[in-house]
Amino acid sequence: MTKLDSTDAEKNDGRAIRAFRLPIFTVIALAIFAFVAGGFGGSFQSKLAEVQKNDNSSYLPSSAESTVVANESAKFLPVETIPGFVVFHRDSALTDADKAAVESARQAISRVPGVDADGMQPTQFSADGTIASIFVPLIAKDDGAAVSGEELAATEQKVLDAAEQAAGDMEVLPAGPGGLLVAFIDAFAGLDSALLGAALLVVILILLVVYRSPVLWFFPLFSALLAIGLSSMVIYFLAKAEILTLTGQSQGILFVLVIGAGTDYALLLISRYREELHSYPNRFDAMIRAWRESAPAITASAVTVVLGLLCLTFSQLNSNKSLGPVAAIGIACTYLVMMTFMPVALAVVGRWVFWPRTPRVDHAADLATHGMWGKIATTVGNRDRSLWIGASILLIVLFAAGIGSLKTDGLTAAQNFTNTPDAVVGQELYDSAFDPGAGAPAVITANADQSDAVIKAASAVEGISQDAGSVCTQVDVAKVSELIKTDPAAVAQAAAAGCAPPGFTAPPINGRTMINAMLVDSYDSPQALETIKRLRTAVHAVPGADALVGGSTATTLDVQAASVRDRNLIIPIVLAVIFVVLALLLRALVIPVILIATVVLSFAATLGVSGFFFTHVFGFAGADQSFPLYAFVFLVALGIDYNIFLMTRVREETGEFGTRAGVLRGLAVTGGVITSAGIVLAATFAVLGILPLVFLAEIGFAVAFGVLLDTIIVRSVLVPALSHDIGKKIWWPSSLATSKD
């Protein structure tokens, strides 16, 4: 960064310090608060799992059709459950002893707390006799109280333990929506330790290279941990009060975002502090000057990211709607700690933290005239037009080369994992031996006087099972449970014959009834989603029925539809908000348009590269519908950061040297620190790949690659070359547009 010569230092020293004497006490007070609150909040980091919600139904608004059906159907059931199975398998046919062991396991499972024993059904055996399946509904909500993810996982483990104890040497596997949901929850087990540990290790290694100091790296990392503690405490209480929804995905993104953004802010502030130490004998005066010069860019960056993330509150999906506040809280807490605790701590400990490259008061020469970034800036100035045209073509080529491979039509539950958990193996076994759609039927609620017409319409839909008893009115669980206890064979025989007789069906409630329709295909398959679309069309058309369709498959369909709607609505809002922030910050209209256009072009290139790698390198089956929205929000909000850091310095230099010289000087003095910041942020997001979930691996790759693309191509070449080529007109309509070029 540009060094103040001795005259500048003497001229500005007194005024700068006097101007900031008053707020110093506020900064120190906030630093103490950040230290105490962040340290205390660290204990809440491990508690976040208690308030997580990872089931699709908690993501949807109350107006979604599947949510309305879930609320109606809850009146017909003593408890709300998540269907699941325990599968017993042997390569050869199960023996009589095996079958007895399975029945013993069924009895043991029925006694496990958290299992809806009344909702369990007789054991199924495959046609070839090698597989047995027990239907195990896990209680998801009892008397209106939702069961936490941790409790569900614990219940599932107890179920499997009970089954394994009775099964002998048979293979025992979980399956069904319950088993897969618990596998998803288990994927986040140890999230705080594994993810944080990997992210911190990566950042430490990078900071050791950047600072070449065995001590200095500690301050940004310790500050980031305080920010995580502070944000964890705030989010815990908000999620516990159900003001926001915290998902495992949101928690994972929160941790890497805080570490990455916090380290970025630290790099910018410490870089300016090191610069000022060459001009000020008093380290406190140097920090005050560095804080003052860094604060506008860091504040603008934090505000831009926070506002961009808060645009997610326009989402229909509760998961998206709350990711915005969760991440925004993380950024706000990070900004607070990095702009209060860290500068105070650095100023207190003194210059020695930079050892062995301790800065001395030598009024060092202007760094904008030499070094690698000075040479890069000179090249940009000499070949501006060819460079920005070439960079633009490169980004367009990257977009075109891979966008055709990007499939965002969703993933099945099994495809969501980068590994193969037991629940996926169990589901494959179950699907190979039994009706794939069993256990997770479509749920229809309708006016009771039109139930026969609704059943007839649903039965005729392609994709609905044509076996006897596939489309039936909901049974009275209490009556059937009692019959199972006294005569299970009769229940099995009745189930094979068709629907339950009227005496065993649930009576209408408020003139409404509940109907279950078994699907031919697995509940989360693309074919099942298409069946739900056809089923809704068919039953909606029944006159006077007011029929609605819900269930696990319908919930997935509604989540996918809401994701597409959110993407189409929120992306333009984010662009508009960022444009306003940039226009206010830079006091111009042309350069904000340029900056947004370049970042959008970079985002498009990232989508193309991601599509190619997801399909042809990583072998993923596709991407979630929300992937483009998440990638856009993080890439545009974070990508615009680096342009803010660059252009605020360019504007500062333009006032003295003119636009074209200011562009080159701004590039030269910010190049090193911004590139380091980009590498740190990319590395922290890449750490998401250690979790065995496709969605987070894809987000981690896209953000990491996109940030590097922004840092190396957009901010280092495209933006400065284009700005240098256009000249002072980039500042229109401000007064700089009429100053020297």
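Nothing here was measured: the structure is a model prediction, and the numbers come from that model. (Residues numbered from 1 in each chain as written. Predicted model: local features only at pLDDT ≥ 70, side-chain atom pairs only at ≥ 80, totals over all residues. Heavy atoms only, no water.)

Chemist: Looking at this model, I keep getting lost on helix 8 (residues 218–240). Mind explaining?
Modeler: The periodicity of an α-helix, 3.6 residues per turn, causes residues three or four places apart in sequence to face the same way. If you check helix 8, its first and last C-alpha atoms are 33 Å apart, about what 23 residues at 1.5 Å a residue would give, namely 33 Å. Phi turns positive one or two residues past the end of helix 8, at Glu242, with a value near 60°. (Helix = DSSP H or I, 4+ residues; strand = E, 2+ residues; numbered from the N terminus. Expected span 1.5 Å × (residues − 1).)

Chemist: Teacher, can you tell me more about the sheet that holds strand 8 (residues 442–447) here?
Modeler: Adjacent strands of a sheet form backbone hydrogen bonds with each other and so pair up, either parallel or antiparallel. With antiparallel pairing, the 4 strands of this open sheet are ordered in space as 9-10-8-11. One side of each edge strand has no neighbouring strand; the edge strands of this open sheet are strand 9 (471–473) and strand 11 (548–550). Strand-to-strand twist across the sheet, computed as the mean angle between neighbouring axes with direction ignored, equals 25°. With 3 bridges connecting them, strand 8 and strand 11 associate as antiparallel partners. Of the residues in strand 11, the one forming a bridge with Ile444 is Val549. (Pairing = 2+ DSSP bridges. Axes fitted to C-alpha atoms, helices over the stretch in contact; angles between N-to-C directions.)

Chemist: Even after reading the chapter, I still don't get the pattern of salt bridges, so can you show me in this structure?
Modeler: Pairing is possible between side chains that carry opposite charge, provided their charged atoms lie close to one another. Scanning the model with the defined rule gives 17 salt bridges in all. Note that Glu275 is salt-bridged to Arg272, the shortest N-O span being 3.8 Å. Taken together, the positions of Glu275 and Arg272, both in helix 9 (residues 248–277) and 3 residues apart, correspond to about one turn of that helix. Neither Glu275 nor Arg272 differs from the other in exposure class; each is buried. A salt bridge links Glu530 to Lys533; the shortest N-O distance between them is 3.2 Å. Here Glu530 and its partner Lys533 are both found in helix 19 (residues 526–540), 3 residues apart, which amounts to about one turn of the helix. Overlapping salt bridges, with partners in common, bring together Arg272, Glu275, Glu276, Arg289, Arg292, Glu293, Arg649, Glu652, Glu653 and Arg665 in one network. (Salt bridge = Lys/Arg side-chain N within 4 Å of Asp/Glu carboxyl O. Buried < 20%, exposed > 50% of the residue type's maximum accessible area, 1.4 Å probe, protein only.)

Chemist: What exactly am I supposed to notice about a negative patch on the surface here?
Modeler: A contiguous patch of negative charge, built from Asp91, Asp161, Glu164, Glu171 and Asp422, is present on the exposed surface. Position of Asp161 relative to the elements: it lies in helix 5 (residues 149–167). (Patch = residues over 30% accessible without salt bridge, like charges linked within 9 Å, V, L, I, M, F, W, Y side chains within 5 Å. Areas by Shrake-Rupley, 256 points an atom, 1.4 Å probe, with all protein chains shown as cover. Lys, Arg positive; Asp, Glu negative; His and termini not counted. Charge placed at Lys NZ, Arg CZ, Asp CG, Glu CD.)

Chemist: Can you walk me through the packing of aromatic side chains in this structure?
Modeler: Think of a pair of aromatic rings as described by two things: how far the centres are apart, and how the planes are tilted against each other in angle. Applying the stated criterion across every chain yields a total of 27 aromatic pairs. With a centroid separation of 6.0 Å and 50° between ring planes, the pair formed by Phe614 and Phe620 is classed as tilted. Phe614 sits in the buried class, given a relative accessible area of 2%. Classification of Phe620 by relative accessible area gives buried; the value is 16%. Ring centres 6.2 Å apart and planes at 70° place the aromatic pair Tyr642 and Phe645 in the edge-to-face group. With Tyr642 and Phe645 both in helix 22 (residues 627–657), this residue pair falls 3 residues apart, about one helical turn. Here the two residues Tyr642 and Phe645 agree in accessibility, since each one is buried. When the ring centre of Phe44 is taken as origin, the NZ or CZ atom of Lys47, which lies over that ring, is 4.8 Å away. (Phe/Tyr/Trp six-rings, centres within 6.5 Å; stacked < 30°, edge-to-face > 60°. Lys NZ or Arg CZ within 6 Å of the ring centre and 35° of its normal.)

Chemist: Before we go on, may I ask you to explain the pairing of strand 5 (residues 138–142) in this structure?
Modeler: Across 3 bridges, strand 1 (residues 80–82) lies against strand 5 in antiparallel orientation. Considered in strand 5, the bridge of Thr81 is made with Ile139. Sheet topology note: the strand 5/strand 6 (residues 145–146) ladder contains 2 bridges and is antiparallel. Bridging from a neighbouring strand, Lys141 pairs with Ala146 of strand 6.

So far we have only geometry, and geometry alone does not tell us how the molecule works.
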